[in-house]
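One letter stands for each residue in the lines below.
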Amino acid sequence: MPHPDVLQAVLKQAVIEGILGERFPVAGFIDVQGVRESVKALHDAFVHVPDVLHAFAVKACPLVPVLRLLADTGMACEVASPGETHLALAAGFTPDRIVLDSPAKTRAELHDALTQGVAVNADNLAELRRIDVLRPRRSQSVVGLRVNPQVGAGTIDAMSTATAHSKFGVALGDPGVRDQILEAFRHRPWLTRLHAHVGSQGCPLPLIAQGLAALHRLAEEINDDVGRRQVTSLDLGGGLPVNFTDDTTTPTYDEYVRALTRAEPALLDGRYQIVTEFGRSLLAKNGFTAAVVEYVKDAGGRRIALTHAGAQVAVRTVFMPDSWPLRITAHKPDGTPKHLQVIPQDVAGPLCFAGDVIAHERHLPELAEQDLIVLHDTGAYYFSSPWSYNSLPRPGAYGFLTEGGHVSLTTVRTPQSMSEIGEEGGVSHADALLT
Ligand SMILES: *Cc1c(COP(=O)(O)O)cnc(C)c1O
């Protein structure tokens, strides 16, 4: 979480370097030291667990330099598509440090993963039958089964993966399913892992802990049933919620570990290797989005600031404003904070649909043309996974470091160029429909 002075210095430097301003009116920034500190907090919280693999959920920030930074801190990674696997390998993760979790893996994807030695969590029993066929005899891949402990939803339905009707995993409480799972393990000595991901943002810790305690009970039951310790690792998913309302990190990884231990004291006692898959909680507070205010206007008695940050960088916030509110601060064109009178303003984006508003009637210092706004806590799932509506370019992303009051910025992703936008628009097939 960058200190306000650091944030201000980053904005100032970005404007001086021309990576934020007239030509590039929106950009994302990543706090390199902050990422290292968040990873350290995660490692520290699990320090008493003998064998643990912390896998970063790549979808939270699919940027190769960020992944390489995480690899450098000792993280592994979790992927859910051929594209994410490609990025993970490009970042330097070896296959044994990659866990593949998608709910709809193709045969080709399974074949590649099992051949390379990427760990695979099968989403369902039909996928296990595919793996029976595709798995090379000497495959190095750890293979697991994802179960849905069906403990219920948190406050955001779309983020709750352990509901009765969730699309993910094998529904543990459905009639007959426990027996099917026992049977599946009996016939597959190479099936050695259980996986559950109870939910992401909005899921309270006790609910997550309850789901993971159920996972542990199932592992014990399977091992009793086969008469040996076949299940050797538990993959606990991700989903530590992030506080988007202020600068404090809550809940912490320590609190997560305490909640798990309270729900099942044996869960982290070392009998099982543990895998974690955190995404948002590692990156959200270590990134922010900055955008230029292009115009201000009044409509129906309301002030509206038209900015360059809209649904293309904050799709969830625009479409589900109550579930995904973002903190916004107002800055002068040189990055210094504004302290003018606070008035309610709509902070709107540049996209051509009426709903493209990041915040409604938000109380902020009165914004003016060329001011900057900052969307805080957007280091995960925001500027790193933009939406290409209106052919707006993917914004640039930059890492920052401070040393002795000096800020240095480094490019993580260049802003999308016009020729890349053309390519995305099929420009190389321009005549395709004329003949
Ligand atoms: C998205 C996802 C994660 C990461 O969730 P966060 O809320 O970002 O921590 C972990 N595991 C799986 C299987 C996921 O789909």
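A quick note: this is a predicted structure, and the numbers were derived from the prediction, not measured.

Participant: Could you clarify how one ought to interpret the pattern of salt bridges in this entry?
Facilitator: A complete count under the given rule lists 18 salt bridges for this structure. What emerges from the salt-bridge pattern is a single network uniting Asp247, Lys285, Arg327 and Asp377.

Participant: Before we go on, may I ask you to explain the nonpolar core in this structure?
Facilitator: Side chains that are nonpolar tend, in soluble globular proteins, to be buried together. One finds Leu145, Ile181, Leu194, Leu212, Leu234, Leu236 and Tyr256 to be the most contacted residues of the largest nonpolar core, which totals 109 residues. Broken down by element, this core gets its largest block of residues, nine residues, from helix 8 (residues 205-226). Looking at this core, you find at least three residues from each of domain 1 (4-29 + 284-424) and domain 2 (32-283). Dropping the residues within four chain positions of it, isoleucine 181 is found in contact with Leu145, Val147, Val170, Leu172, Leu218 and Ile222. Ile19, Val292, Leu372 and Phe400 belong to the second-largest nonpolar core, a separate cluster that totals 18 residues.

Participant: Mind showing me how you'd approach the domain arrangement of the protein here?
Facilitator: When the parts of a complex come together, some accessible area is lost, and that lost area is often taken as the interface size. Domains assigned within the protein are domain 1 (4-29 + 284-424) and domain 2 (32-283). Its C-alpha centre places domain 1 at a distance of 33 Å from the equivalent point of domain 2. Carbon and sulfur atoms supply 62% of the area buried between domain 1 and domain 2, which totals about 2000 Å² over both sides. One can count one salt bridge joining domain 1 with domain 2. Here domain 1 and domain 2 share 12 residue pairs in polar contact (both at pLDDT 80 or more) between them. Contributing elements (two or more residues each) for the side of domain 1 that touches domain 2: strand 17 (396-403) and strand 18 (406-413). The element that contributes the greatest number of residues to the side of domain 1 that touches domain 2 is strand 17, accounting for four residues.

Participant: Just to check I follow, could you spell out helix 1 (residues 4-17) for this structure?
Facilitator: Note that an α-helix has 3.6 residues per turn; residues three or four places apart therefore point the same way. A rise of 1.5 Å per residue sets the reference length of helix 1, with its 14 residues, at 20 Å; its end C-alpha atoms lie 20 Å apart and thus fit the reference within 8%. Of the positions making up helix 1, those classed as buried are Val6, Leu7, Val10, Leu11, Gln13 and Ala14. Buried residues in helix 1, looked at end-on, bunch into an arc of 170°, giving them a common side. Within helix 1, the exposed residues directed more than 90 degrees away from the buried face are Pro4 and Ile16. Looking at the buried residues of helix 1, the elements they touch are strand 1 (26-31), strand 11 (287-299), strand 13 (328-331), strand 16 (372-375), strand 17 and strand 18.

Participant: How should the packing of aromatic side chains be read in this particular structure?
Facilitator: Aromatic rings in a pair are described by how distant their centres are and how their planes are angled relative to each other. Applying the stated rule across the entire model yields 12 aromatic pairs. Here phenylalanine 29 and phenylalanine 288 contribute two aromatic rings whose centre-to-centre distance is 5.2 Å and whose plane-to-plane angle is 25°, an arrangement assigned as stacked. Remark: phenylalanine 288 occurs in strand 11 and phenylalanine 29 occurs in strand 1; sequence separation between them is 259 residues. Considered together, phenylalanine 29 and phenylalanine 288 belong to a single accessibility category, that of buried residues. A centroid spacing of 6.2 Å and a plane angle of 75° characterise the contact between phenylalanine 244 and tryptophan 324, whose relative ring orientation is edge-to-face. Here phenylalanine 244 is found in the loop between strand 9 (233-235) and helix 9 (253-263), whereas its partner tryptophan 324 is found in the loop between helix 11 (315-319) and strand 13, with 80 residues between them in sequence. Here phenylalanine 244 matches tryptophan 324 in class, with each residue buried. Aromatic rings pair up to connect Phe29, Phe288, Tyr398 and Phe400 into one cluster. Lying over the aromatic face of tyrosine 272, arginine 229 brings its terminal NZ or CZ to 4.8 Å of the ring centre. For arginine 316, the ring lying beneath its charged end belongs to tryptophan 324, and the centroid distance is 5.3 Å.

Participant: How should the site of the ligand be read in this particular structure?
Facilitator: Not every one of the 15 residues close to the ligand is listed here, only the nearest: Lys59, Ser200, Glu277, Arg280 and Tyr381. Between the ligand and the protein, one listed contact pairs a nitrogen atom with a side-chain N or O atom of glutamate 277 at 2.7 Å. Here an oxygen atom of the ligand sits 2.8 Å away from a polar atom, N or O, in the main chain of arginine 280. Across the complex, the protein chains shield 93% of the 390 Å² of accessible surface that the ligand would expose by itself. Its residues assigned to classes, the shell around the ligand shows three nonpolar, six polar and six charged.

So, how was this worked out
- Going along each chain's sequence as written, the residues are numbered from 1 onward.
- Totals for whole chains, interfaces and linings use every residue, but because this is a predicted model, local features are given only for residues with pLDDT of at least 70 and side-chain atom pairs only at 80 or more, for both listing and counting.
- Processing note: side-chain calculations cover all non-hydrogen atoms of the structure and skip hydrogens and water entirely.
- For this analysis, a salt bridge means a side-chain nitrogen from Lys or Arg found within 4 Å of a carboxyl oxygen belonging to Asp or Glu.
- To qualify as a nonpolar core, a set must consist of buried Ala, Val, Leu, Ile, Met, Phe, Trp, Tyr and Cys residues joined through side-chain atoms within 4.5 Å.
- Note on classification: 1.4 Å probe, protein chains only; a residue is buried when its accessible area is under 20% of the maximum for its type, exposed when over 50%, partly exposed between these limits.
- The way it works is that DSSP assigns letters per residue, a run of H or I at least four long becomes a helix, a run of E at least two long becomes a strand, and they are numbered from the N terminus.
- Delimitation of the domains relies on an automatic or database domain assignment.
- Any pair of residues with heavy atoms lying within 4.5 Å of one another is described as a contacting pair.
- Summed over both partners, buried area is the accessible surface (1.4 Å probe) that two parts give up on being assembled.
- Here a polar contact is recorded for every N or O atom pair within 3.5 Å, except that within protein the pair must consist of a potential hydrogen donor and a potential acceptor, and residues adjacent in sequence are included only if both atoms are side-chain atoms.
- What a helix is expected to span follows from its residue count: subtract one and scale by 1.5 Å.
- As used here, the arc is the angular range of directions from the helix axis to the C-beta atoms.
- Each Phe, Tyr or Trp ring (for Trp, its six-membered ring) is paired with any other whose centre lies within 6.5 Å, and the angle between the two planes then decides the class: stacked below 30 degrees, edge-to-face above 60, tilted in between.
- Counted as over-ring charges are cases with an Arg CZ or a Lys NZ within 6 Å of the ring centre that also lie within 35 degrees of the ring normal.
- A cutoff of 4 Å decides nearness: a residue is near a molecule or strand if any of its heavy atoms lies inside that distance of it.
- Note on areas: Shrake-Rupley, 1.4 Å probe, and residue coverage restricted to the protein chains presented here.
- Nonpolar residues are Ala, Val, Leu, Ile, Met, Phe, Trp, Tyr, Cys and Pro. Charged residues are Asp, Glu, Lys and Arg, and all others, Gly as well, are polar.

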